[in-house]
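Listed here are the chains, written in short residue letters.
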Amino acid sequence: MNIMLFHSTYGLRPAVEAAADRLRAAGHEVWTPDLFEGRTFDTVEEGMAHQDEIGKDELLKRAVLAAAPYSERGLVYAGFSLGAATAQTLALGDEKARGLLLLHGTSDIAENATVDELPVQLHVASPDAFETDDWLNTWYLQMGRAGADVEVYRYAGAGHLFTDPDLPDYDEEAAEATWRVALGFLETL
């Protein structure tokens with residue numbers, strides 16, 4: 001499988017590269033574009049400030065330019081938090097998308113978005129201040145209306161970015177369960 005894996009608001013940190021290596025070890029080809037052009041951050045606030053400086057349109061442009069050379073191959077879009085939101089936007093706009101793997105995040109869905117049974121898997125903490133229950137219920141219904149085939153996995157007590165071993169949110173048990181399920185999902189595509 002060809003996977004475009006987008007980083008979180010912390011930037012392209014070692015945990016993203018480790019995730020890409022895990023996916024490669026399972027036989028996938030993975031690209032990890034650096035939407036922050038080498039900048040990484042120690043706090044979510046610093047990352048979000050930088051993200052705001054760049055602007056949503058520029059970030060999306062960078063993501064599209066990173067994916068464009070490979071989209072003909074039929075990509076699985078994936079990402080962490082901000083990267084998941086980016087992956088979702090690109091997958092819903094790419095008719096050749098093979099799947100969508102969302103780790104720790106979602107995004108708004110355009111009212112006219114349509115996909116043809118796009119396989120989608122979401123892994124998120126429960127509770128999660130960035131992905132509230134009300135929001136996730138609405139998101140799930142909207143994705144279904146758009147034509148996506150969605151699976152949601154919730155991890156009780158885990159922190160927002162629970163798959164990143166370098167952050168306080170890390171939860172080894174939830175992280176390993178996520179990767180086990182996600183790798184199984186990718187095998188079905």
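As the structure is a computational prediction, the values presented were derived from the model and not from experiment.

1. Let's talk about helix 5 (residues 133-146)
- The end-to-end C-alpha separation of helix 5 is 20 Å, in line with the 20 Å expected for 14 residues at 1.5 Å each.
- What helix 5 keeps buried is the set Leu136, Trp139, Met143 and Ala146. Each buried residue of helix 5 lies within a common arc of 85° when the element is viewed along its axis, so the set occupies one face. Exposed positions of helix 5 whose direction lies more than 90 degrees from the buried face are Asp134, Asn137 and Arg145.
- Each element contacted by the buried residues of helix 5 is listed here: helix 4 (82-93), strand 4 (99-103), strand 5 (119-126) and strand 6 (149-156).
- Backbone geometry just after helix 5 places glycine 147 at a positive phi near 105°.

2. A short note on the nonpolar core
- Within the largest apolar cluster, 34 residues are counted, with the highest numbers of intra-cluster contacts made by Phe6, Tyr77, Leu100, Leu118, Val120, Trp139 and Met143.
- Every element with two or more residues in this core is listed here: strand 1 (2-6), helix 3 (56-67), strand 3 (75-80), helix 4, strand 4, strand 5 and helix 5.
- Per-element accounting of this core gives the leading share, 6 residues, to helix 4.
- Apart from the residues within four sequence positions on either side, phenylalanine 6 is in contact with Pro33, Leu35, Ala63, Tyr77, Ala78, Gly79, Phe80, Gly83, Thr86, Ala87 and Leu90.
- Formed by 21 residues, the second largest nonpolar core is a distinct cluster that contains Leu23, Leu161, Leu167 and Trp179.

3. Concerning the packing of helix 3 against helix 4
- Two elements in contact, helix 3 and helix 4, have axes whose closest approach is 11 Å; the angle formed by their N-to-C orientations is 60°. Classified by the angle between their axes, helix 3 and helix 4 sit oblique to one another. Regarding helix 3 and helix 4, the two cross each other, and that crossing is right-handed. Seen from helix 3, the contacting residues are Leu60, Ala63, Val64 and Ala67; seen from helix 4, they are Thr86, Thr89 and Leu90.
- Along the lines of polarity and charge, the residues of the contact of helix 3 with helix 4 split into 5 nonpolar, 2 polar and no charged.

About the cut-offs
- Residues numbered from 1 in each chain as written.
- Predicted model: local features only at pLDDT ≥ 70, side-chain atom pairs only at ≥ 80, totals over all residues.
- Heavy atoms only, no water.
- Helix = DSSP H or I, 4+ residues; strand = E, 2+ residues; numbered from the N terminus.
- Expected span 1.5 Å × (residues − 1).
- Buried < 20%, exposed > 50% of the residue type's maximum accessible area, 1.4 Å probe, protein only.
- Arc of directions from axis to C-beta.
- Contact = heavy atoms within 4.5 Å.
- Core = buried A, V, L, I, M, F, W, Y, C linked by side-chain atoms within 4.5 Å.
- Axes fitted to C-alpha atoms, helices over the stretch in contact; angles between N-to-C directions.
- Parallel < 35°, antiparallel > 145°, perpendicular 65-115°, else oblique.
- Left-handed = near helix turned anticlockwise from the far one by under 90°.
- Nonpolar A, V, L, I, M, F, W, Y, C, P; charged D, E, K, R; others polar.

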